[in-house]
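Read off the chains here:
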Amino acid sequence: MALVEGLSITQTMTVTKKDTAIYHGSGKLEVYATPAMVAFMENTAVACIDKDMAKGTDSVGIQIDTKHNKATKLGATVTCTAKLVKVDGKKLSFEIEASDEGGNIGNAVHVRYIIDPVKFMSRL
Ligand SMILES: CC(C)(COP(=O)(O)OP(=O)(O)OC[C@H]1O[C@@H](n2cnc3c(N)ncnc32)[C@H](O)[C@@H]1OP(=O)(O)O)[C@@H](O)C(=O)NCCC(=O)NCCS
C-alpha cells in the first residue's frame, strides 16, 4: 500500500529507570524524561509508515515540535498515537499524542523526509 494521509498507529511502553530524566541527564528527578518521550514519539511515527515505505527507501526525522504537558511516574504505561496527516512529496508530517493512565502527557508535530539510505550514508 502507498503512504496515504490518515494512516495511524498506537504503541505502548512501560516507564523504566532507563526512561527517566535522571538517567538521561535531562533533569534530576526519577520521572519520565522528555527525550525518552520524544524518542518514543519518533519511534511511533516510524512504525506508522514502516510497512508502506517503498522498497529501498527509509525516512529521517527533520523536525519535531513537542510539548511535554504532565509528569509520568516510574512503572506507568505510556500510550502513543502517531497519525500521518500530510504527504508533500518526500516530506511526511505527523500529529502525535502521548498519554499515561491519567490522560494526555504530550503532543508533537513531527516531519520526516524520505531518503535513499545508501546515498544518505555515503554523504556523511
Ligand atoms: C533530510 C535531509 C537529507 C534533506 O536534505 P536535502 O536532501 O539536501 O534536501 P533539502 O535541504 O533541499 O531539504 C528538503 C526539504 O526538507 C526541508 N528541511 C530540511 N531540513 C529541515 C529541518 N531541519 N527542518 C524543517 N525543514 C527541513 C527543506 O526546507 C526542504 O523543504 P522543501 O522541499 O519544501 O523546500 C537533511 O535535512 C538531513 O540530513 N537532515 C538530518 C536528518 C537526520 O540525520 N535525522 C536523524 C536520523 S533519523
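All figures in this text were calculated on a predicted structure; none of them were measured in a lab.

Draft legend 1. Expanded view of the overall build of the chain. Along its length, the chain carries 3 helices and 5 strands. The C-alpha radius of gyration computed for the chain amounts to 15 Å, which stays within 12% of the reference 14 Å derived for 124 residues, consistent with globular compactness. Projected onto its principal axes, the C-alpha positions of the chain cover 40 × 35 × 20 Å. For the chain, with 124 residues in total, the buried portion stands at 35%. Long-range contacts, defined here as pairs at least 24 residues apart, represent 65% of the contacts in the chain between residues at least 6 apart. By element, 54% of the accessible surface of the chain is carried by carbon and sulfur atoms, the whole surface being about 7,300 Å².

Draft legend 2. Structural detail: the pattern of salt bridges. Per the counting criterion, the structure on display carries 4 salt bridges. Here Lys-51 makes a salt bridge to Asp-52, at a shortest N to O gap of 3.7 Å. Here Lys-70 and Asp-100 are joined by a salt bridge, their closest N and O atoms 3.6 Å apart. Here Lys-70 is found in the loop between strand E2 (58-68) and strand E3 (77-88), whereas its partner Asp-100 is found in strand E4 (residues 91-100), with 30 residues between them in sequence.

Draft legend 3. Structural detail: the nonpolar core. In terms of nonpolar packing, the biggest core is built from 26 residues, with Leu-3, Tyr-32, Val-78, Phe-94 and Ile-96 touching the most fellow members. Of all elements in the fold, only helix H2 (34-49), E3, E4 and strand E5 (103-115) reach the threshold of two or more residues within this core. Of the residues forming this core, the biggest block, 7 residues, is contributed by H2.

Draft legend 4. Focus on the UniProt feature "domain: Fluoroacetyl-CoA-specific thioesterase-like" (unreviewed entry) in the chain. Mapped onto this numbering, the UniProt entry annotates "domain: Fluoroacetyl-CoA-specific thioesterase-like" (unreviewed entry) at residues 15-116. Annotation note: span residues 15-116, helix share 20%, strand share 45%, distance between end C-alpha atoms 34 Å.

Draft legend 5. Region of interest: the site of the ligand. Close contacts around the ligand come from Val-60, Gly-61, Ile-62, Gln-63, Lys-91, Tyr-113 and Phe-120, and that covers them all. Separating an oxygen atom of the ligand from a side-chain N or O atom of Lys-91 is a distance of 3.2 Å. Notes on the ligand: free accessible area 930 Å², of which the protein chains cover 39%. Of all the elements, E2 adds the most residues to the shell around the ligand, at 4 residues.

What counts and how
Residues numbered from 1 in each chain as written. Predicted model: local features only at pLDDT ≥ 70, side-chain atom pairs only at ≥ 80, totals over all residues. Heavy atoms only, no water. Helix = DSSP H or I, 4+ residues; strand = E, 2+ residues; numbered from the N terminus. Rg over C-alpha atoms; globule rule 2.2 N^0.38 Å. Buried < 20%, exposed > 50% of the residue type's maximum accessible area, 1.4 Å probe, protein only. Contact = heavy atoms within 4.5 Å. Areas by Shrake-Rupley, 256 points an atom, 1.4 Å probe, with all protein chains shown as cover. Salt bridge = Lys/Arg side-chain N within 4 Å of Asp/Glu carboxyl O. Core = buried A, V, L, I, M, F, W, Y, C linked by side-chain atoms within 4.5 Å. UniProt positions renumbered as here; feature names shortened; annotations may be inferred. Near = heavy atom within 4 Å. Polar contact = N/O pair within 3.5 Å; in protein donor to acceptor, adjacent residues only side chain to side chain.

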